[in-house]
Amino acid sequence: MHSISLPTYDVLVKHGGLAGVADIARAATRANRYAVITDSNVVRLHGERVVTALGSVGTRTFTVPAGEASKTRETWARLTDELLEGGFGRDSAIVAVGGGVVGDLAGFVAATFMRGIKYVQVPTSLIAMIDASVGGKTAVDTPRGKNLVGAFHQPAAVLADPAVLGTLPPEHFRSGLAEALKHGIIADGMYLERTIADAPMLLDAAARRADATEALVARSIEIKAEIVRRDEREQGLRQVLNFGHTIGHAIEAASGYSLLHGDCVAVGMVYEATMAVKTGVAGPGTARDVRRAVERVGLPTALPPNVTIDRLIALIRADKKVRSGALRFALPREIGAMASGDGTWSVPVDESIVRAVLAA
Ligand SMILES: NC(=O)c1ccc[n+]([C@@H]2O[C@H](COP(=O)([O-])OP(=O)(O)OC[C@H]3O[C@@H](n4cnc5c(N)ncnc54)[C@H](O)[C@@H]3O)[C@@H](O)[C@H]2O)c1
Ligand SMILES: [Zn+2]
């Protein structure tokens, strides 16, 4: 068991911890009623257990169709209407049980319903455990792009039970490992090496060891928590978490969101590490090590066919994380340390270099 403290909440990582969800939710929210928001896959596998554990009269389940397509203002409107119709008020709390889609959506409902009510994150995918559930970013997508309407709203508690990953489809587990690699590359080279070494065991659900999975999740959360603690609202340091994501998001968008997020981030990390070398921010060994890490975990390293460089550049420019003028990237200085970019934690890269790296 691992407990990680953020300024206003704790994250508990515990194999089998789901059984204790009611105690955690009660202590953290002091709510009289719970609205459990989950998705159509997770409800049967784990959601119903959470509802039973919460047990109190008036707990209700709100199930959205699984998948990114549910992360919209329309679903947000439907959920808030249903909460109002169900008589939920300021004394209620939301319990988000699912992957990052459920976490972001339920978090945004919690941020806005009655001007903000408490919520507990019970992440069930690897991405949600090590990334989405921690840090208080909530959002929905719009036709113009992902996460464009949202709010910072910190959870009251996070309960990550790695045992639930036993039912996660293997491709989603592998994709989640991309974020673990990212955490290692930006802040902890030893963690990177351990993740690579453990990958074959972690990727095989039958061989997966509880202690190793707990340690994987806990260390990743610690790294993210340490960064978020120092820069909750992404004014500087939190940029480092975007390593691999500027290119990754562009690939994701270019694929019409048909590729998994972590797979796109893996490719993004390989190209962005190359940019770090080409701009002299990092030595050649860094790009080599990033590529090796991605390969060893079985994640993709190359751009998918039929995305053009012009399209990627246009998408990068449209990304809200890129300021006008120069393209900026969060780049590693070496494995375990990011370039500070004079405190902006992003580095301007000439478009000609970006194009050359993407074309190589
Ligand atoms: N807020 C943040 O800081 C942050 C960070 C990273 C990602 N995100 C968001 O998270 C989303 C991606 O998260 P995701 O990959 O978890 O997507 P997801 O929520 O769509 O989950 C992936 C799939 O796995 C299923 N699933 C989840 N847990 C399961 C389990 N234990 N067993 C079986 N199936 C399970 C889901 O039903 C879904 O089909 C994106 O919308 C992204 O923007 C947010
Ligand atoms: Zn990510």
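Everything quoted here is computed from the prediction, not taken from an experiment.

Undergrad: Which parts of the structure should I look at to understand the overall build of the protein chain?
TA: Tallying secondary structure elements over the protein chain gives 13 helices and 13 strands in all. Taking 2.2 N^0.38 as the reference for a compact globule, 360 residues should give roughly 21 Å; the C-alpha atoms of the protein chain span a radius of gyration of 20 Å, in line with that estimate. Of all 360 residues assigned to the protein chain, the portion counted as buried reaches 53%. Within the protein chain, counting contacts between residues at least 6 apart in sequence, those at least 24 apart form 72% of the total.

Undergrad: Before we go on, may I ask you to explain the sheet that holds strand S2 (residues 10-13) in this structure?
TA: Strand pairing in a sheet relies on backbone hydrogen bonds, with the paired strands running either antiparallel or parallel. Read across the sheet, seven strands follow the order S1-S2-S9-S6-S5-S3-S4 without closing on themselves; strand pairing throughout is mixed. At either margin of the open sheet sits one strand with a lone partner, and together these are strand S1 (2-5) and strand S4 (60-64). Averaged over neighbouring strand pairs, the angle between their axes works out to 15° when direction is ignored. Of the pairings in the sheet, the one linking strand S6 (residues 119-123) to strand S9 (residues 157-160) comprises two bridges and is parallel in character. Looking at S9, one finds that Gln121 is bridged to Val158.

Undergrad: Please clarify how the site of ligand 1 should be interpreted in this entry.
TA: In the vicinity of ligand 1 lie 31 residues, with Asn41, Gly99, Gly100, Val101 and Ser125 positioned nearest. Looking at side-chain class alone, the shell around ligand 1 contains eleven nonpolar, 13 polar and seven charged residues.

Undergrad: Please explain the nonpolar core as it appears in this structure.
TA: In a soluble, globular protein the nonpolar side chains are often hidden away together inside. Ranked by internal contacts, the top residues of the largest apolar core, which has 121 residues, are Ile94, Val95 and Val120. It is helix H10 (residues 261-278) that provides the largest number of residues to this core, a total of ten residues. Counting contributing residues, this core receives three or more from each of domain 1 (2-167) and domain 2 (170-359). Excluding its chain neighbours within four sequence positions, the residues that come into contact with Ile94 are Ala35, Ile37, Ala106, Val109, Ala110, Ile117 and Tyr119.

Undergrad: Quick question: what am I supposed to make of the domain arrangement of the protein chain here?
TA: It is common to give the size of an interface as the accessible area that goes away when the parts come together. Per the domain assignment, the segments of the protein chain are domain 1 (2-167) and domain 2 (170-359). Computed over C-alpha atoms only, the centres of domain 1 and domain 2 are separated by 26 Å. Taken together, the contact pairs 22 residues of domain 1 with 25 residues of domain 2. For the side of domain 1 that touches domain 2, the elements supplying multiple residues, two or more each, are S1, S2 and helix H5 (126-132). Counting residues per element, the side of domain 1 that touches domain 2 draws most heavily on H5, which supplies five residues. For the side of domain 1 that touches domain 2, the per-class residue count stands at 14 nonpolar, six polar and two charged.

Undergrad: Before we go on, may I ask you to explain the environment of Gly107 in this structure?
TA: If you trace the backbone, Gly107 turns up in helix H4 (residues 100-112). On the basis of neighbour count, Gly107 is assigned to the buried category, with 29 C-beta atoms found within 10 Å. C-alpha separation for the pair Gly107 and Ile223, spaced 116 residues apart in sequence, amounts to 22 Å. In this view, Gly107 contacts Ala96, Tyr119, Thr138 and His153; residues no more than four positions away in its chain are not counted.

Undergrad: What should I look at first to understand the pairing of S9 in this one?
TA: The side chains of a regular strand alternate, residue by residue, between the two faces of the sheet. Alternating positions in S9 separate into two faces, Ala157 and Leu159 on one and Val158 and Ala160 on the other, with burial throughout. The sheet contact formed by S2 and S9 spans three bridges and is parallel. Looking across to S9, one finds that Leu12 is bridged to Leu159.

Undergrad: Looking at this structure, I do not really get the environment of Arg296. What am I missing?
TA: Along the chain, Arg296 turns up in helix H11 (residues 284-296). If sequence neighbours within four positions are ignored, Arg296 has contacts with Ile196 and Ala199.

Undergrad: Sorry, what's going on with the packing of helix H9 (residues 245-254) against helix H12 (residues 309-318) here?
TA: Geometry of a packed helix pair, given as the angle between the helix axes and the separation of the axes. Packing of H9 against H12 leaves a shortest axis separation of 9 Å and a crossing angle of 115°. By the angle class used here, H9 and H12 are roughly perpendicular. Seen along the crossing, H9 lies across H12 with a hand that is right-handed. Contacts between H9 and H12 involve Thr246, Ala250, Ala253 and Ala254 from the first element and Arg311, Leu312, Leu315 and Ile316 from the second. For the contact of H9 with H12, the class distribution of residues is six nonpolar, one polar and one charged.

Undergrad: Explain the environment of Asn306 here, please?
TA: Mapping Asn306 onto the fold places it in the loop between H11 and H12. Given 8 C-beta atoms within a 10 Å radius, Asn306 is considered exposed. Taking C-alpha positions, Asn306 is 9.2 Å from Ala254, a pair spaced 52 residues apart along the chain.

Undergrad: Help me understand the packing of H12 against helix H13 (residues 351-359) in this model?
TA: Remark: H12 packs on H13, axes separated minimally by 10 Å, with the N-to-C direction vectors making an angle of 135°. In terms of orientation, H12 and H13 fall into the oblique class. Handedness of the H12/H13 crossing: right-handed. Between H12 and H13, the contacting residues are Ile309, Leu312 and Ile313 on the first element and Glu351, Val354, Arg355, Leu358 and Ala359 on the second. Residues that form the contact of H12 with H13 fall into these classes: six nonpolar, no polar and two charged.

Rules used throughout
Residues numbered from 1 in each chain as written. Chains lettered and ligands numbered in written order. Predicted model: local features only at pLDDT ≥ 70, side-chain atom pairs only at ≥ 80, totals over all residues. Helix = DSSP H or I, 4+ residues; strand = E, 2+ residues; numbered from the N terminus. Rg over C-alpha atoms; globule rule 2.2 N^0.38 Å. Buried ≥ 20, exposed ≤ 12 C-beta atoms within 10 Å, placed from the backbone. Contact = placed C-beta atoms within 7 Å. Pairing = 2+ DSSP bridges. Axes fitted to C-alpha atoms, helices over the stretch in contact; angles between N-to-C directions. Near = placed C-beta within 6 Å. Nonpolar A, V, L, I, M, F, W, Y, C, P; charged D, E, K, R; others polar. Core = buried A, V, L, I, M, F, W, Y, C linked by C-beta atoms within 7 Å. Domains from an automatic or database assignment. Parallel < 35°, antiparallel > 145°, perpendicular 65-115°, else oblique. Left-handed = near helix turned anticlockwise from the far one by under 90°.

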